Amino acid sequence: MAKIRLEHVYKRYGSKVTAVKDFNLETEDGEFVVFVGPSGCGKTTTLRMIAGLEEISDGKIYIGERLVNDVPPKDRDIAMVFQNYALYPHMNVYDNMAFGLRLRKVPKNDIDQRVKEAARILKIEHLLQRKPRELSGGQRQRVAMGRAIVREPKVFLMDEPLSNLDAKLRVEMRAEIAKLTRRLGVTTVYVTHDQVEAMTLGHRIVVMKDGEIMQVDTPLNLYDFPANKFVAGFIGSPSMNFIRAKVEGAGDAVYLTGPSFRVRTNPHLAAPLKAYSGKEVWLGIRPEHLGLKGWTAIPEAENIIKGTIEVVEPLGADSEIHVDVGGTVITAKVDGHAPVRPGDTVELLVDTGRTHTFDVDTEKSIG
Ligand code: ATP
């Protein structure tokens, strides 16, 4: 096991593109860290720099206590799992898993033992003689994992390893990866653009945008205390709603108001919002923190948003309704049995203790 440390790491392509800017991170031993962010934000580039497949333009990368800036990939004691699995088509599963060990001149008996142990853990013992083309997507994915495991590396690096699988298999393999990495206790960095995957797998998540880290924290802290509007909108599904609102009142009774709502703020926001009195802020409310009047446990108080339903998406237990609130469409997750139809006028109750506010200029969280 080893910690990974990145200090002021940059990646520039020519003079115009800075793909990664001032990236700083230290993992724990055995930690599972997920890099997440929209396409092009620099996740893969950062992972490849840790792997040594991409030169760094500036900064330092340590694996364990060793500075690895100039250490070639094969000597970094890492194993990578890629999106396309990169299996050798002409070799059977056993040979695919054994290949890297043979190159390293690991004794034959040792190889045999490690391959069989990995196959047992991954439940692919019965597939060892098959060629990759004779395997399903999920089985190929397991083989790719197996090839990484047999190396007994200090660090696993995984780049969207589930993105070629269908939705159901992805969920299954996600659980497998979580179980496996917990069991092996190897420090893992995992890249994905899927925030659900990030939330379910990561001990900590690094949210990136335009080559920069937006926030590093545990899944729950990112959800409860997003540092800025970007993280707030990226983490959570469906996404947080953002409505422009004016700050009114003073003392501990501060209200956020708009054309069709007047919401009393989260009590702990009253003090930090004082400086915004009379000004506009972004009010952030997650769809699950809105309820339909008469169909929710959220207490009815000074916290109602009125609007007109545009779309109803029934999902069984819940329905997602899209509601026009004075020109802004917001999403609410409501009881699936509530009789709602497009065109209905509705009153949504706000769980004010769970609301967020953001500065309109800096987009940073207020409070
Ligand atoms: P995705 O989820 O789409 O894979 P990503 O977050 O992994 O995206 P990167 O592949 O790391 O993003 O790319 C980061 C940025 O660097 C992008 O803007 C990309 O266009 C740019 N980039 C990557 N490789 C090069 C290159 N060889 N030359 C110039 N720019 C590059």
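(A) Structural context of the site of the ligand. For the ligand, the full set of nearby residues is Tyr13, Ala19, Pro38, Ser39, Gly40, Cys41, Gly42, Lys43, Thr44, Thr45 and Glu160. Interatomic distance of 2.9 Å between a side-chain N/O atom of Lys43 and an oxygen atom of the ligand. Class assignment for the residues of the shell around the ligand results in 4 nonpolar, 5 polar and 2 charged.

(B) Spatial organisation of the nonpolar core. Met97, Val115, Ile124, Ile177, Tyr190 and Val207 are the most contacted members of the largest nonpolar core, which totals 48 residues. Discounting residues that sit within four places of it in the chain, Ile177 has contacts with Phe32, Gln141, Met145, Met158, Pro161, Leu162, Tyr190 and Leu201. Ala245, Ala270, Ile321 and Val346 belong to the second largest nonpolar core, which has 30 residues in total.

(C) Up close: the packing of aromatic side chains. Counting across every chain of the model gives 5 aromatic pairs. When the ring of Phe32 is compared with that of Tyr190, the centres are 5.6 Å apart and the planes differ by 40 degrees; the resulting orientation is tilted. With Phe32 in strand S3 (residues 32-36) and Tyr190 in strand S8 (residues 187-192), this residue pair connects regions lying 158 residues apart in the sequence. The pair Phe32 / Tyr190 is uniform in exposure class, with both members buried.

(D) Representation of the sheet that holds S8 within the structure. In spatial order, the strands read S6-S7-S8-S3-S9-S10; together these 6 strands make up an open sheet with mixed pairing. In this open sheet, the two strands that pair with only one neighbour each are strand S6 (78-81) and strand S10 (212-217). Shown here is a sheet whose adjacent strand axes are inclined to one another by a mean of 15 degrees, direction ignored. With 4 bridges connecting them, S6 and strand S7 (residues 155-159) associate as parallel partners.

(E) Spatial organisation of the sheet that holds strand S1 (residues 4-13). Reading across from one edge, S2-S1-S4-S5 is the order of the 4 strands in this open sheet, with antiparallel pairing throughout. Each edge of the sheet is formed by a strand with only one pairing partner; in this case those strands are strand S2 (17-26) and strand S5 (66-67). Relative to S5, strand S4 (residues 58-63) runs antiparallel, the two being bridged by 2 bridges. Among the inter-strand pairings, Ile63 is bridged to a residue of S5, identified as Arg66. Where helix H1 (residues 43-51) meets the sheet, it contacts S1, S2 and S4, and its direction lies at approximately 120 degrees from that of S1.

(F) Molecular detail of a positive patch on the surface. There is a patch of like positive charges on the surface, built from Lys123, Lys179, Arg182 and Arg183. Locating Lys179 in the fold gives a position in helix H5 (residues 167-184).

(G) View of the pairing of strand S12 (residues 253-258). Summarising the sheet, strand S11 (residues 241-250) and S12 pair through 5 bridges and their orientation is antiparallel. Residue Ala250 lies in a different strand from S12, and its bridge partner there is Ala253.

(H) Region of the structure containing the pattern of salt bridges. Under the defined criterion, the tally for this structure stands at 21 salt bridges. Of the charged contacts, one joins Asp95 and Arg102 as a salt bridge, the two residues approaching to 3.2 Å between their closest N and O atoms. We classify Asp95 as partly exposed; its relative accessible area is 24%. Through salt bridges with shared partners, a single network forms among Lys11, Arg48 and Glu54.

(I) Quick peek at the confidence of the model for the protein chain. On average, residues of the protein chain carry a pLDDT of 92, and 100% of them reach 70 or more. This prediction of the complex comes with two scores: 0.91 for pTM and 0.95 for ipTM.

(J) Fine view of unusual backbone geometry. Backbone torsion omega between Ser237 and Pro238 reads -5 degrees, so that peptide bond is classified as cis. Among the structural elements, Pro238 can be located in the loop between helix H8 (229-234) and S11. With a phi close to 60 degrees, Lys105 is a non-glycine residue in the positive phi region. Within the secondary structure, Lys105 sits in the loop between helix H2 (93-103) and helix H3 (108-122).

(K) Molecular detail of the packing of helix H4 (residues 137-150) against H5. Between H4 and H5, the least distance of the axes is 11 Å, while the angle of their chain directions is 15 degrees. Here H5 runs roughly parallel to H4, going by the angle between their axes. Note that H4 runs across H5; the crossing there is right-handed. Every residue of H5 that contacts H4 at Gly137, Gly138, Gln141, Arg142, Met145 and Ile149 is listed here: Leu169, Met173, Glu176, Ile177, Leu180 and Leu184. Taken together, the residues that form the contact of H4 with H5 break down as 7 nonpolar, 3 polar and 2 charged.

(L) Geometry of the environment of Leu127. Within the element layout of this structure, Leu127 appears in the loop between H3 and H4. Using a relative accessible area of 1% as the deciding quantity, one classes Leu127 as buried. When the C-alpha atoms of Leu127 and Thr331 are compared, they prove to be 47 Å apart, with 204 residues separating the residues in sequence. Beyond its immediate chain neighbours, meaning those up to four positions away, Leu127 contacts Val93, Leu135 and Gln139.

(M) A look at the side chain of Glu54. Here Glu54 is to be found in the loop between H1 and S4. The class of Glu54 is buried, set by a relative accessible area of 19%. A polar contact of 3.2 Å, which involves the side chain of Glu54, links it to the side chain of Arg48. Excluding its chain neighbours within four sequence positions, the residues that come into contact with Glu54 are Lys11, Tyr13, Thr45, Arg48 and Met49.

Reading the values: rules and limits
- Residues numbered from 1 in each chain as written.
- Predicted model: local features only at pLDDT ≥ 70, side-chain atom pairs only at ≥ 80, totals over all residues.
- Heavy atoms only, no water.
- Near = heavy atom within 4 Å.
- Polar contact = N/O pair within 3.5 Å; in protein donor to acceptor, adjacent residues only side chain to side chain.
- Nonpolar A, V, L, I, M, F, W, Y, C, P; charged D, E, K, R; others polar.
- Core = buried A, V, L, I, M, F, W, Y, C linked by side-chain atoms within 4.5 Å.
- Buried < 20%, exposed > 50% of the residue type's maximum accessible area, 1.4 Å probe, protein only.
- Contact = heavy atoms within 4.5 Å.
- Phe/Tyr/Trp six-rings, centres within 6.5 Å; stacked < 30°, edge-to-face > 60°.
- Helix = DSSP H or I, 4+ residues; strand = E, 2+ residues; numbered from the N terminus.
- Pairing = 2+ DSSP bridges.
- Axes fitted to C-alpha atoms, helices over the stretch in contact; angles between N-to-C directions.
- Patch = residues over 30% accessible without salt bridge, like charges linked within 9 Å, V, L, I, M, F, W, Y side chains within 5 Å.
- Areas by Shrake-Rupley, 256 points an atom, 1.4 Å probe, with all protein chains shown as cover.
- Salt bridge = Lys/Arg side-chain N within 4 Å of Asp/Glu carboxyl O.
- Lys, Arg positive; Asp, Glu negative; His and termini not counted.
- Charge placed at Lys NZ, Arg CZ, Asp CG, Glu CD.
- pLDDT = per-residue confidence, 0-100.
- Parallel < 35°, antiparallel > 145°, perpendicular 65-115°, else oblique.
- Left-handed = near helix turned anticlockwise from the far one by under 90°.

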